[in-house]
Amino acid sequence: MTPSPQKPPLPRRTPRTGPPATARVQEAVAARDDLAAALSGAGIQLPAMDVRTPWPDADGEGSTRPTRYALVHLGICSAPVAHALAAVIRKGATG
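Residues numbered from 1 in each chain as written. Predicted model: local features only at pLDDT ≥ 70, side-chain atom pairs only at ≥ 80, totals over all residues. Heavy atoms only, no water.

Engineer: So what about the overall build of the chain? Which residues, and what values?
Structural biologist: Summing up its helical and strand segments, the chain has two helices and three strands in all. Put simply, the chain runs from its N terminus to its C terminus through helices and strands in the order β-α-β-β-α. Here the chain holds 95 residues, and the buried ones make up 15% of them. For the chain, the share of sequence-separated contacts (at least 6 apart) that also reach a separation of at least 24 residues comes to 62%. Per element, the accessible surface of the chain, about 7,500 Å² overall, is 59% carbon and sulfur. (Helix = DSSP H or I, 4+ residues; strand = E, 2+ residues; numbered from the N terminus. Buried < 20%, exposed > 50% of the residue type's maximum accessible area, 1.4 Å probe, protein only. Contact = heavy atoms within 4.5 Å. Areas by Shrake-Rupley, 256 points an atom, 1.4 Å probe, with all protein chains shown as cover.)

In structure tokens, the structure reads:
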């Protein structure tokens, strides 16, 4: 039997402790917080917003390179929240 290929690990969530965040992670955290504040001002809350970093890149010698970018993960929301978000976007696009 052929062994199945291993799946890569999931993207890393922003660490809560440890070494200082890179500039890219700090930028993504600031963007997440800015978006959360704007949504809150419109009466909308996305419950699972987070910042994630990509899979680590191996340098060929077993160690990993520093994070090159970070992603704002918007998470999930209920259908009513999705409709409210769509309405706010439409209003802003036409307003």
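Engineer: So what's going on with helix α1 (residues 23–41)? Residues and values would help.
Structural biologist: Between its first and last C-alpha, α1 extends 27 Å over 19 residues, near the 27 Å set by a 1.5 Å rise per residue. For α1, the full list of buried residues reads Val25, Ala28, Arg32 and Leu39. Looking straight down α1, one finds that the buried residues subtend no more than 60 degrees of arc, so they occupy a single side. Seen from the buried face of α1, the exposed residues on the opposite side, beyond 90 degrees, are Ala23, Glu27, Asp34, Ala38 and Gly41. In the core, the buried residues of α1 are packed alongside β2 (50–53), β3 (71–73) and α2 (79–94). In the segment just after α1, Gly43 is the residue with positive phi, at about 80 degrees. (Expected span 1.5 Å × (residues − 1). Arc of directions from axis to C-beta.)

Engineer: I'd like a rundown of the confidence of the model for the chain, residues and numbers included.
Structural biologist: For the chain, the average pLDDT comes to 77, and 63% of its residues sit at 70 or higher. At the low end of the mean pLDDT range in the chain sits strand β1 (residues 12–13), at 53; at the high end sits β3, at 92. (pLDDT = per-residue confidence, 0-100.)

Engineer: Give me the lowdown on the pattern of salt bridges, citing residues and values where you can.
Structural biologist: The tally for this structure, following the rule as stated, stands at two salt bridges. The partner of Arg32 in a salt bridge is Asp33, and the shortest N-O contact between them spans 2.9 Å. For Arg52, the salt bridge is made with Asp50, and the minimal N-O distance between the two is 3.8 Å. No difference in accessibility class separates Arg52 from Asp50, as the two residues are buried. (Salt bridge = Lys/Arg side-chain N within 4 Å of Asp/Glu carboxyl O.)

Engineer: I'd like a rundown of a nonpolar patch on the surface, residues and numbers included.
Structural biologist: Taken together, the side chains of Leu35, Val72 and Leu74 define a hydrophobic patch exposed on the protein surface, amounting to about 200 Å² of accessible area. Along the chain, Val72 turns up in strand β3. (Patch = residues over 30% accessible without salt bridge, like charges linked within 9 Å, V, L, I, M, F, W, Y side chains within 5 Å.)

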